[in-house]
6 protein chains.
Amino acid sequence: MIYITRRERFNAAHKLYNETWSVEKNDEVFGKCANANWHGHNFELIVTVKGEVNPETGFVMNLKDLSQIIQTEVTDKVDHKNLNLDVDFMKGKLASTENLIIEFWKILAPLIAGHGAQLHYIKLVETENNYVEYYGN
Amino acid sequence: MIYITRRERFNAAHKLYNETWSVEKNDEVFGKCANANWHGHNFELIVTVKGEVNPETGFVMNLKDLSQIIQTEVTDKVDHKNLNLDVDFMKGKLASTENLIIEFWKILAPLIAGHGAQLHYIKLVETENNYVEYYGN
Amino acid sequence: MIYITRRERFNAAHKLYNETWSVEKNDEVFGKCANANWHGHNFELIVTVKGEVNPETGFVMNLKDLSQIIQTEVTDKVDHKNLNLDVDFMKGKLASTENLIIEFWKILAPLIAGHGAQLHYIKLVETENNYVEYYGN
Amino acid sequence: MIYITRRERFNAAHKLYNETWSVEKNDEVFGKCANANWHGHNFELIVTVKGEVNPETGFVMNLKDLSQIIQTEVTDKVDHKNLNLDVDFMKGKLASTENLIIEFWKILAPLIAGHGAQLHYIKLVETENNYVEYYGN
Amino acid sequence: MIYITRRERFNAAHKLYNETWSVEKNDEVFGKCANANWHGHNFELIVTVKGEVNPETGFVMNLKDLSQIIQTEVTDKVDHKNLNLDVDFMKGKLASTENLIIEFWKILAPLIAGHGAQLHYIKLVETENNYVEYYGN
Amino acid sequence: MIYITRRERFNAAHKLYNETWSVEKNDEVFGKCANANWHGHNFELIVTVKGEVNPETGFVMNLKDLSQIIQTEVTDKVDHKNLNLDVDFMKGKLASTENLIIEFWKILAPLIAGHGAQLHYIKLVETENNYVEYYGN
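So, here's what we can say about the structure. Because the structure is a prediction, the values reported are computed rather than measured.

### Section: the nonpolar core
Turning to step 1, where the next piece is worked out: By size, the foremost hydrophobic cluster in this structure holds 103 residues, and its most contacted members are Phe104 of chain A, Phe104 of chain C together with Phe104 of chain D.
Turning to step 2, where the next piece is worked out: Of all the elements, helix 3 (residues 97–113) of chain C adds the most residues to this core, at eight residues.
Turning to step 3, where the next piece is worked out: Excluding its chain neighbours within four sequence positions, the residues that come into contact with Phe104 of chain A are Phe10, Leu45, Val74, Val78, Phe89, Ile122 and Leu124 of chain A.
Turning to step 4, where the next piece is worked out: Core analysis: the next-biggest nonpolar cluster, separate from the first, contains 102 residues, Trp105 of chain B together with Ala12, Val49 and Leu119 of chain E among them.

### Things to note about helix 3 (residues 97–113) of chain A
Turning to step 1, where the next piece is worked out: Between its first and last C-alpha, helix 3 of chain A extends 24 Å over 17 residues, near the 24 Å set by a 1.5 Å rise per residue.
Turning to step 2, where the next piece is worked out: The set of residues buried in helix 3 of chain A consists of Thr97, Glu98, Asn99, Leu100, Ile101, Glu103, Phe104, Trp105, Ile107, Leu108 and Ile112 of chain A.

### Here we look at the packing of aromatic side chains
Turning to step 1, where the next piece is worked out: In the structure shown here, the tally under the stated rule is 48 aromatic pairs over all chains.
Turning to step 2, where the next piece is worked out: Plain terms: the ring middles of Phe30 of chain A and Phe59 of chain C are 5.5 Å apart, the flat faces sit at 80 degrees to each other, and that makes the pair edge-to-face. One end of the pair, Phe30 of chain A, is in helix 1 (residues 23–30); the other, Phe59 of chain C, is in the loop between strand 2 (39–51) and helix 2 (63–78), on a second chain.
Turning to step 3, where the next piece is worked out: For Phe59 of chain C, a relative accessible area of 13% gives the class buried.
Turning to step 4, where the next piece is worked out: Counting every residue linked through ring pairs, the aromatic cluster contains Phe10, Phe43, Phe89 and Phe104 of chain A.
Turning to step 5, where the next piece is worked out: Looking at Lys123 of chain B, its charged tip hangs above the ring of Tyr131 of chain B, at a distance of 4.2 Å from the centre.
Turning to step 6, where the next piece is worked out: Over the ring of Trp38 of chain C we find Lys15 of chain C; its NZ or CZ atom is 4.5 Å from the centre of that ring.

### Remarks on the relation of the copies chain A and chain B
Turning to step 1, where the next piece is worked out: Turning chain A through 180 degrees and shifting it by 0.0 Å along the axis lays it on chain B, with an RMSD of 0.0 Å. Such a combination of turn and shift is consistent with a two-fold rotation axis.
Turning to step 2, where the next piece is worked out: In this assembly the copies share their binding face: 100% of the residues contributing to the interface of chain A also contribute to that of chain B.

Reading the values: rules and limits
Residues numbered from 1 in each chain as written. Chains lettered and ligands numbered in written order. Predicted model: local features only at pLDDT ≥ 70, side-chain atom pairs only at ≥ 80, totals over all residues. Heavy atoms only, no water. Core = buried A, V, L, I, M, F, W, Y, C linked by side-chain atoms within 4.5 Å. Buried < 20%, exposed > 50% of the residue type's maximum accessible area, 1.4 Å probe, protein only. Helix = DSSP H or I, 4+ residues; strand = E, 2+ residues; numbered from the N terminus. Contact = heavy atoms within 4.5 Å. Expected span 1.5 Å × (residues − 1). Phe/Tyr/Trp six-rings, centres within 6.5 Å; stacked < 30°, edge-to-face > 60°. Lys NZ or Arg CZ within 6 Å of the ring centre and 35° of its normal. Least-squares fit on C-alpha atoms with pLDDT ≥ 70 in both.

None of this, on its own, says anything about what the molecule does.
Written out as structure tokens, the structure is:
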């Protein structure tokens, strides 16, 4: 079993805001991340796939295919977007990196399975000091 | 003459949009950067100051003071903010990194002069592939 | 189960020296790391916590709280310090990154448990080429 | 159990090419990576070893020894080389990072076992966006 | 005058070899960089353009245009290529980064001038420890 | 005129302390950098040399020679050392990065001139947020 990884990037706006709370409670919990007019990040999305090496190609999976899937199905939908307003799969959810990574997993896992490999891990980097990781359960 | 540099960071939302143009022209010129609901970045702000070394301290200027000035006067005003909506000194200006760096210079140059050093250079990094630089003229 | 990570940094002096050995044996085993007058590093401390996502906040744990705990309980005690001389929890121990990371774990694990999450992993980076990792056992 | 890691680097040429296929099929599968006259990379090799901390040294294993083993047995054999033509242990194999990392494991695992530690993990970084990882099975 | 910068990347093979010298002299001067079967690198190409800010766009020059020019005219011609064998503008020249950066300048300077800006600086990074820079004279 | 650059690294302990001042004044000016028992850093030393390209080698100067000079004459004398206690050329000087870079210049400039090139610039990076630069006057 070998693990192969592709990094993609996207730039998006968001805010952390719970609509069922008062402005004050949002400020208390989320601090400046609750700014009404949004803020944003350069996100890095790291996707790791595992599988056996195909002896004909020397590949677990062609990284061009993996890159294409991530771009078409994930980063094109969030890049230069507002994560709270513009992204279908985030509607009704708090736009935290934790919630984002779970939705990314749901999109990517079946698509990668269709290429004979298995989604193993996703990492979503929000700043040079903060990131989240997910193994699908 | 020695040059000393401090890096600070801020996360902000913006869009590139010329209000005197049609939506179509904005899309044509600015592409996805014109997204109506904003996008955002992790900006890095690099500020270089020059001067003679003070023999008593071994410093051109205390980097703690430089850091404090940059934070209080610049990054606190743009961090977790919308550069088009929330920032006084960007009102009425296109929120490009070029325009941003010129405003940062206007703020920082006199404050650093007040500490016996001279602002030499500012660099503003928008993504790992794009940045702007300014020497004040 | 989602994993969230916070990076903090500290700058410290240390030496690798076994007091029960001769100077010659220390030099032989530790090389220039045994320099009597110390040397130092910019350490990076990466702390990963795991847990379920709280539906009200979208968070496993508020990263501001995690950052605060790491700073107050760990990095403030080692930053701009001598790891052999100035740090209570390293007294009587060889100041290796291995021993350091074990002590950091002992401090952080119960505090993070008190915030409804679980310490999963610590990474301590000593140079761009060397680091240690620990999962608590 | 503590995990310690050493990063080494090497610069090499290679091409991805299956000799049993036509030029057209190679181009279709491998794209520009099949360029007849080779291309190349700055590879980063990250090697993680696990074990108990030796109370006399505070070390799982001396990182100088680990570095020496990796250099002598692996990177000296691939640095400034052509991975398809110049490297004995890659003869007859597709010069993919997947195949490379498996061969590196076979070389390193017994040598590290001879130092009282255990090879845990290898990561081979080909570009800032692509890498492979291996745990030995 | 504002300076704007775009980073692009390419992966190429090359060797340092003076055809008018003996193999021994090449080995003596260029060491392992003279390896007959080539080696390679991940090159980073950093291109800085200067000019006045256009008040309608807030731009010195659209970075998408700059990126497009660099890709079409430079990196597409060297990416996944052999710098000694596959690149027209390097024919008959030693494939050093110094010679490469001079040729890149000749290509880019007139094209950028055609966009109302001025090529100011090129940086070509060969490894994390080595790079060259050029200002056009 | 082409500029070529080599990066080297060293790890050292130091403190910022003016012996003619009281402990209190040192604490006031230098803060935790005045810690009596030292602290330390991973320093990066970036050295840029300029000159014409030699048509026989394609080089301004062989980077192996430049690396060798920097290591032998500078980094070997400060690596794993205490900058206040162990380094001849820092005796009697405040161990600031400003003072350090001036001494490095004095050592390197004549040696590089002896290789037919000219020292252009030195950068000394103390942390990811702080660095100093010097052009020799």
